[in-house]
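Results of the structural survey
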Amino acid sequence: MKYNHDTMCEILSRLLIPGETLRFPVYAGFPETGFFARAGSLQTGFASLTSMGRLIYARYNVFGQCTGGFFNPSLAQKIAVKKNIFGQYIIDCQYLVNGKKQKIRIQIAPKVVGCNFPEQQENSESLTRELSGYEQ
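Read on for a plain summary of the structure. (Residues numbered from 1 in each chain as written. Predicted model: local features only at pLDDT ≥ 70, side-chain atom pairs only at ≥ 80, totals over all residues. Heavy atoms only, no water.)

Re the pattern of salt bridges
This structure, assessed with the given rule, holds five salt bridges. Residues Glu10 and Arg14 are paired through a salt bridge, measuring 3.0 Å at the closest nitrogen-oxygen approach. The partly exposed category is assigned to Glu10, whose relative accessible area is 47%. Of the residues examined, Arg14 reaches a relative accessible area of 59% and is grouped as exposed. Residue Glu20 pairs with Arg54 through a salt bridge whose shortest N-O separation is 2.7 Å. Remark: Arg54 occurs in the loop between strand 2 (42-50) and strand 3 (55-60) and Glu20 occurs in the loop between helix 1 (5-13) and strand 1 (22-31); sequence separation between them is 34 residues. Residue classification places Glu20 among the buried residues on the basis of a relative accessible area of 5%. By relative accessible area, which is 9% here, Arg54 ends up buried. (Salt bridge = Lys/Arg side-chain N within 4 Å of Asp/Glu carboxyl O. Buried < 20%, exposed > 50% of the residue type's maximum accessible area, 1.4 Å probe, protein only. Helix = DSSP H or I, 4+ residues; strand = E, 2+ residues; numbered from the N terminus.)

A closer look at unusual backbone geometry
A positive phi angle, close to 60°, is found at Phe24, a residue other than glycine. Here Phe24 shows up in strand 1. A positive phi angle, near 50°, is found at Asn98, a position not held by glycine. Tracing the chain through its elements places Asn98 in the loop between strand 6 (89-97) and strand 7 (100-108). Its relative accessible area of 80% is what places Asn98 among the exposed residues.

Here we look at the nonpolar core
Phe71, Ile104, Ile106 and Ile108 are the most contacted members of the largest nonpolar core, which has 20 residues in total. Looking at this core element by element, the count peaks at four residues for strand 6. Not counting the four nearest positions on each side in its chain, Phe71 is found in contact with Arg54, Leu55, Ala76, Ile79, Cys93, Tyr95 and Ile104. (Core = buried A, V, L, I, M, F, W, Y, C linked by side-chain atoms within 4.5 Å. Contact = heavy atoms within 4.5 Å.)

Take a look at the structure:
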């Protein structure tokens, strides 16, 4: 698959509700979390806030299979936004789905080398700033 802005918007748009639009779409990494997480395993994909306040994401495994998801940050049990020493943003989220705790970590680099994401830096800053408002 070719990673670029148009592909990102097309993939994320499949997760939208009618009348909903993307806000701050970014290319992102999704490191595994939890006790059995393997060091160095990272899925790549996309994430965005929407005009209806949801955080949506689509991530790809090494076989190219895509899984998508969403949640409402205002209903999350926990959201933590931090910046690592390499200047990347790390967003840790915890939320409930049908009574089961779900965790996701989203890693966003402000600049993506070799891919066409012209608004990556601006969108990553806006997305993390907005999610910081939900930190607990």
